[in-house]
Amino acid sequence: MKAAERAAVADAFKEIKERAESRWRELWHNKPVIMVGTATCGRAAGALEVLQTFRDEVKKRNLDCPVIEVGCMGHCYAEPLVIISKPGYPPICYGYVNPVIAERLLKEFVLGDNPCPEFVIGALEENDIVPSFTDFPRAQYEQKIILKNCGHTDPTEIDHYIAGGGYSALAKALEMTPEDIVDEVKKSGLRGRGGAGFPAGLKWEYCRNTRGRPKYIICNADEGDPGAFMDRSILESDPHSVIEGMIIAGYATGARYGYIYVRAEYPLAVERTQIALTQAKKFRLLGNHILGSSFNFDIILFQGSGAFVCGEATAMAASIEGKPGTPRARPPRMTTEGLFGKPTVVNNVKTLAFVPPIIRNGAGWLKSTGTKESSGTAVFALAGKIVNTGLVEVPMGTTLRQIIYEVGSGIPGGKRFRAVQIGGPSGGCLPEPALDLPVDFDSLRDAGAMMGSGGMVVLDEDDCMVEIARYFLEFTQRESCGKCTFCRLGTKQMLEVLNDFTLGQGKIEDIDSLERLAEEVKAGSLCGLGQTAPNPILTTLRYFREEYEEHILMGRCPALMCRQLIAYYILPDKCERSCDACVGSCTVEAISANKKRIKVIDQEKCVKCGTCLAACPPQYNAVVKLSPPSEVPKK
Amino acid sequence: MKSVSLSIDGKKITAKEGTKILRAALENDIYIANLCAIKDKAEPNAACRLCFVEIEGEEEPVTACTREATDGMVVNTRGERALELARTGFELLMASHPVDCANCPANGVCELQKIAKHIGGKLKTKRFRQLLRELPIDDSNPLFTYDPNKCVLCGRCVWVCRQRKETALLGFAHRGFKRVVTTFAGEPIGAERCLDCSACVEVCPTRALAFKGGEKGLGYRGWVV
Ligand SMILES: Cc1cc2nc3c(=O)[nH]c(=O)nc-3n(C[C@H](O)[C@H](O)[C@H](O)COP(=O)(O)O)c2cc1C
Ligand code: SF4
Ligand code: SF4
Ligand code: FES
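No experiment lies behind these values; they were computed from the predicted model shown.

Cut-off values and rules
- Residues numbered from 1 in each chain as written.
- Chains lettered and ligands numbered in written order.
- Predicted model: local features only at pLDDT ≥ 70, side-chain atom pairs only at ≥ 80, totals over all residues.
- Heavy atoms only, no water.
- Helix = DSSP H or I, 4+ residues; strand = E, 2+ residues; numbered from the N terminus.
- Rg over C-alpha atoms; globule rule 2.2 N^0.38 Å.
- Contact = heavy atoms within 4.5 Å.
- Polar contact = N/O pair within 3.5 Å; in protein donor to acceptor, adjacent residues only side chain to side chain.
- Buried area = accessible area lost by both parts, 1.4 Å probe.
- Salt bridge = Lys/Arg side-chain N within 4 Å of Asp/Glu carboxyl O.
- Buried < 20%, exposed > 50% of the residue type's maximum accessible area, 1.4 Å probe, protein only.
- Arc of directions from axis to C-beta.

Visitor: Looking at this model, I keep getting lost on the overall build of chain B. Mind explaining?
Guide: Tallying secondary structure elements over chain B gives 5 helices and 9 strands in all. N-terminal to C-terminal, the α/β element order of chain B is β-β-α-β-β-β-α-α-β-α-β-β-α-β. In terms of overall dimensions, chain B is globule-like: its C-alpha atoms have a radius of gyration of 18 Å, near the 17 Å expected for 225 residues. Expressed as lengths along the three principal axes of its C-alpha atoms, the size of chain B is roughly 50 × 45 × 35 Å.

Rendered as structure tokens:
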């Protein structure tokens, strides 16, 4: 780029930035601001009603108090979340807000002086009034890079993003040579966050060095893993960070077009990304002559049908081309022959969101976080038997124990940890001894799991490992495209065997043949779906083999989860004569009182729905599950 | 164009640069089990997963239809690990194939029989449970019938159909275990759109597509010309 062009870019960006900053300052100037988290997780908990309440009240009272929508802060367990920022106070985050609480917050805090500590989750800054997030044990472990803006800015306002430093990386990048950018990303050690951890800079370099035009950048936002929602959350909360990353990727690789492939089941992500694209275009951050330079780049939002296999890069390209979304053999790599046969980079949403901070702060900055081979942070969606469900971002190398017990606050109800399932259907189940494993791409792979999408499901003593393996296999079997033999038929065969195990059927030799088939499906399948589908089986067999054996040899499910292998039983010495809570609760009238007014379950009639167990008052706790069912004492 | 020299099962072979191992082998009369490869189609389907071979210096078997032959490459088509994988793939197919050779029009010309013999796979497998799909047979076409239960989803018929017609009649439908070869919009195979060229019947390795009257005239074609 010539000096004159560089100067033009700098001038153009300066103007945009100054305007954004002045609008941002004005937003906060001497007035309270209410921010309501209205990403999908917030909406599911009623955030739109809360938003409406604030808006109505502010209007009714004619207050100078902007009420804005922000994205997801990651504390999904406490949705709906609201942040109120009022002069003289630190910004304070409130949780579990409903319209009644919203009205009170407005009356007592916005209009009065009472910050309502009873609803506070934490203040965003340290202060003497209410506890702050930095006092939480998790603050010591969390480090937000790509979730930094999420929940703190309005994703539909490009000015918010720019005022926080957004698009300065693009302006800087345009003054660098594409080769320097590729180099910087290579040096940063950034690895793809779509699962496999392929070095992003290297992928960009392959694409840059391949002839063929136009080149493409595809942002992979298919996110088919049932337990993951971080890509959705980022697009809903901070879409410009992904768009900026894509534009830089385009400039660095010489691409002319970008596609964001997002599943149509994510309507809010689609809507907010589309708004962001329109705004970026209006500000000439996208389109022809970006920031007055000679660089042209357009982004098309593509809504996928939501098939899991379309997350696979070659299937995704086929799907965009209007063909059936089935994978093809590689090589040729996507960077050689990708979308429409042209060199293409496919990167995950998170990978691209890392690019702007890397360009702004330099490669060394990312390298200073994380482990030697996996730089930066990892984002996990915590779910299952864990107190703080939601999104967390921690440096690579943080141990599973720290993530689960410090950041996630452990397992509710005093239950015992059993396993943690990482990486969704392509991942695996890791046992207690793995808790001290520093998490990064390679350590997880060595343990038999996978970073995958970053889903992290915590399992406790009530979760059956055979059933977990069966559950994930049922998913991959259903989502297999059916093109290749091993995945189409192998997953089906394995599922049949696992179904039998959960029914207590099968022979002990079946375990070994299942393991052998699992290894062969891994080795023989065409694409990553089939190659990783056996992981949940292989890891549970590796770490919890005795549970399989118990199912088969003793007809016993140690977690008391597999329905065919348990029976409900009322402990006679715990049952209270005067109580009959369970009798009425049973939908099939299987419970009756005996002569001593002790309740007894007719095992022939019982359908094992478990309502009696829930109905029995906690002071008696007389209903128990027994496995195998033959444990029920005969009269 | 440059050529490369390699050895397959000890036999010295030269092939054009860029040729896949499978093609190099077949053109030199070395058979490797295959169902989905199509001679005139440059991009491999890579779907049947039967063409595994071993390459000296590489730990894992590779599919011969996707791997380019390179200079100095030493290929073994009879390696135990490769054959083991091929057998598993084959027996998975057979576990979902109604095996009744004596009453099948393909008997004697069936590629599944040929492959079973070549790799030592079983037509009636005991290793896996029988999972049949029990789909209806379509005999609406005057020339041939289509029995989807016998189909191994190699994709040859779909490909030839697309070569002959602007808007192809045959295609794949559904995902996973339910995947089938079907006609456009699921209409009967004898519908107007079919040109009755019967190219699809000629390429079918299993006689899932079979001429009426049971003639076996065409014999084994393998590798589509
Ligand atoms: C069955 C399957 C599903 C996948 N789903 C996704 C997905 O939802 N999102 C994603 O980013 N990558 C997914 N991938 C990985 C992509 O193929 C690809 O490797 C990735 O998008 C590359 O981006 P990265 O280098 O930034 O990680 C999937 C792979 C397979 C085999
Ligand atoms: S591994 Fe599964 S999803 Fe991938 S090509 Fe084969 S059948 Fe399709
Ligand atoms: S009908 Fe025959 S040619 Fe067509 S996919 Fe099935 S087995 Fe192959
Ligand atoms: S011929 Fe190679 S996979 Fe079918």
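Text resumes after the structure shown.
Visitor: Can you help me understand the environment of Cys582(A) in this one?
Guide: Residues and elements named next belong to chain A. With respect to the helices, strands and loops of the structure, Cys582 is situated in helix α22 (residues 581–585). For the pair Cys582 and Asp462, spaced 120 residues apart in sequence, the C-alpha separation works out to 22 Å. If we ignore the near neighbours within four places in the chain, the residues touching Cys582 are Ile570, Ile591, Lys599, Cys612 and Ala615.

Visitor: Sorry if this is basic, but what is going on with the environment of Lys124(B) here?
Guide: Residue and element names in this part refer to chain B. Here Lys124 shows up in the loop between α3 (111–119) and β6 (144–146). Sequence separation between Lys124 and Glu58 is 66 residues, and the spatial gap between their C-alpha atoms is 32 Å. Side-chain polar atoms of Lys124 contact the backbone oxygen of Val99, separated by 3.3 Å.

Visitor: Which parts of the structure should I look at to understand the interface of chain B and chain A?
Guide: By a frequent convention, interface size equals the accessible area lost on bringing the separate parts together. Contact residues are listed per partner, giving 27 residues for chain B and 28 residues for chain A. Of the roughly 2500 Å² buried where chain B meets chain A, counting both sides, 58% is carbon and sulfur surface. Across the contact surface, chain B and chain A share 4 salt bridges. As a salt-bridge pair, Asp500(A) and Arg129(B) come within 3.0 Å of each other at their nearest N and O atoms. Top contributing element to the side of chain B that touches chain A by residue count: helix α2 (residues 80–95) of chain B, with 7 residues.

Visitor: Quick question: what am I supposed to make of helix α7 (residues 178–188) of chain A here?
Guide: Spacing of three or four residues puts side chains on the same side of an α-helix, whose turn is 3.6 residues. All names here are of chain A. Looking only at α7, the buried set comprises Pro178, Ile181, Val182, Glu184, Val185 and Ser188. Burial along α7 is one-sided: seen end-on, the buried residues are contained in an arc of 160°. Elements in contact with the buried residues of α7: α6 (168–175), α8 (200–208), α10 (239–253), α13 (349–361) and α14 (363–367). A positive backbone phi angle near 75° is found at Gly189, which sits one or two residues after α7.

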